[in-house]
Amino acid sequence: MTDMPNLPRRRVLQGLGLGASAAALGAGLPLRRAMAKELVVGFIYVGPKDDYGYNQAHAEAAAQLKTMPGIKLLEEEKVPETDDVQKTMESMIELDGASLMFPTSFGYFDPYMLREAKKYPDVQFRHCGGLWSKDKHPMNAGSYFGYIGMAQYLNGVVAGHTTKTKKLGFIAAKPIPQVLINVNSFTLGARSVDPSITTQVIFTGDWSMPVKEAEAANSLADQGVDVVTCHVDGPKVVVETAERRGMFTCGYHANQAALAPKGYLTGAEWNWITVYKMFVAKTMAGEKLPNFTRGGLAEGFVKTSPYGPAVSAAARSHADAVKAEMLKGGFSVFKGPLKDNKGNSVIAGGVAYPETAIELESMNYLAEGVVGSLA
């Protein structure tokens, strides 16, 4: 294998044959994972590690793991949600002895990660998302995710203080519950500052559509929107387009401040190192890993970007005060009475949902103040 160091791992096993890889390797040398004295951890990303978005947030956390003693880190980027990811996982396990795997993209889970988890019962697999179920999935697999709606609410508070036109914009991929929670949280945060503020939402139709994202940002600028945010895999295009058009931006996934030195206000960021350190520490201590892991702002699973130069003292003070309340516990973004943008009551008066509430996982509405539709 010494002549293949620069080939993608999935290519190595593709040459061997996915099903026959273990036998082929085992015939020539002992499996590395049987000999490994260090913990070998594998990360797989669907896009580039420097996308200023979803993949970068995971890669930044993985980079921090490299500083921990006894860790060998494996990474492969730009792996599509096809059997390529299965080949990559198998390569990391067979060639390098990986015993803890983090396939980070949504589409990696079923059937690819599940197949590998069944094939390698001694390897632990943890997937970023909410798809694992104890009733039907292997116990050496599991899921982790975070509640980022409160950070989006804080984005909205800062945006609400910053906007002059009272028109905000939100560029989103798909109208699924997780995205709708973010759109609505951002809007509710802004309207806590000024109830006359509206948020124009544009759905692009997929997680990475750079052309459509640029078109959406320009369209919002043309409509008088002066603060924009997004929920797409890579916010780079949105942030850069907004900066060119003179709009302010609130980031998502990772810190995009470098892309908009004038207009970047703050951002809702994932802080995945909290999760990964926990999994690594438990593995190295020989402890059982949790199959279902969740946390929010208070648990350190998410964080907010530092304030940019355009954020006023009033905005900082207000957002900091709200954040302090969130960290105390008991804060609810979604509480009644709340109507959707069609005038229907969606949360009755006196009802408040914590971010962990199961009811929020089926959200199917845009809150009052959001301009747009789900269709």
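What counts and what doesn't
Residues numbered from 1 in each chain as written. Predicted model: local features only at pLDDT ≥ 70, side-chain atom pairs only at ≥ 80, totals over all residues. Heavy atoms only, no water. Buried < 20%, exposed > 50% of the residue type's maximum accessible area, 1.4 Å probe, protein only. Helix = DSSP H or I, 4+ residues; strand = E, 2+ residues; numbered from the N terminus. Pairing = 2+ DSSP bridges. Right-handed = clockwise from strand over helix to strand, strands pointing away. Contact = heavy atoms within 4.5 Å. Phe/Tyr/Trp six-rings, centres within 6.5 Å; stacked < 30°, edge-to-face > 60°. Lys NZ or Arg CZ within 6 Å of the ring centre and 35° of its normal.

(A) Geometry of the pairing of strand S9 (residues 248-253). The buried count for S9 comes to five of six residues, which makes it a mostly enclosed element. Bridging between strand S8 (residues 227-231) and S9 involves two bridges; their strand directions are parallel. Looking at S9, one finds that Val227 is bridged to Phe248. With respect to chirality, the unit in which S8 leads through helix H10 (residues 236-244) into the neighbouring parallel S9 is right-handed.

(B) Up close: helix H6 (residues 109-119). Of the positions making up H6, those classed as buried are Phe109, Tyr112, Met113, Leu114, Glu116 and Ala117. If you follow the buried residues of H6, they end up packed against helix H5 (83-96), strand S3 (100-103), strand S4 (124-128) and strand S5 (141-146).

(C) Broad picture of the packing of aromatic side chains. Scanning all chains against the criterion turns up 14 aromatic pairs. Judged by centre distance (4.6 Å) and plane angle (55°), the rings of Phe102 and Tyr276 are tilted. Within this pair, whereas Phe102 is found in strand S3, its partner Tyr276 is found in helix H11 (residues 273-284), the two being separated by 174 residues in sequence. Seen in terms of ring centroids, Phe102 and Phe279 are 5.8 Å apart; in terms of plane orientation they differ by 45°. Their pairing is tilted. Separated by 177 residues along the polypeptide, Phe102 in strand S3 and Phe279 in helix H11 bring together distant segments of the chain. Feature note: the residues Phe43, Tyr45, Phe102, Tyr144, Phe145, Trp270, Trp272, Tyr276 and Phe279 constitute an aromatic cluster, connected by ring pairs. Across from the ring centre of Phe292, 3.9 Å away, lies the NZ or CZ of Arg294, which sits over that ring. Of note, Lys335 hangs over the ring of Phe331, and the distance from its end group to the ring centre comes to 5.9 Å.

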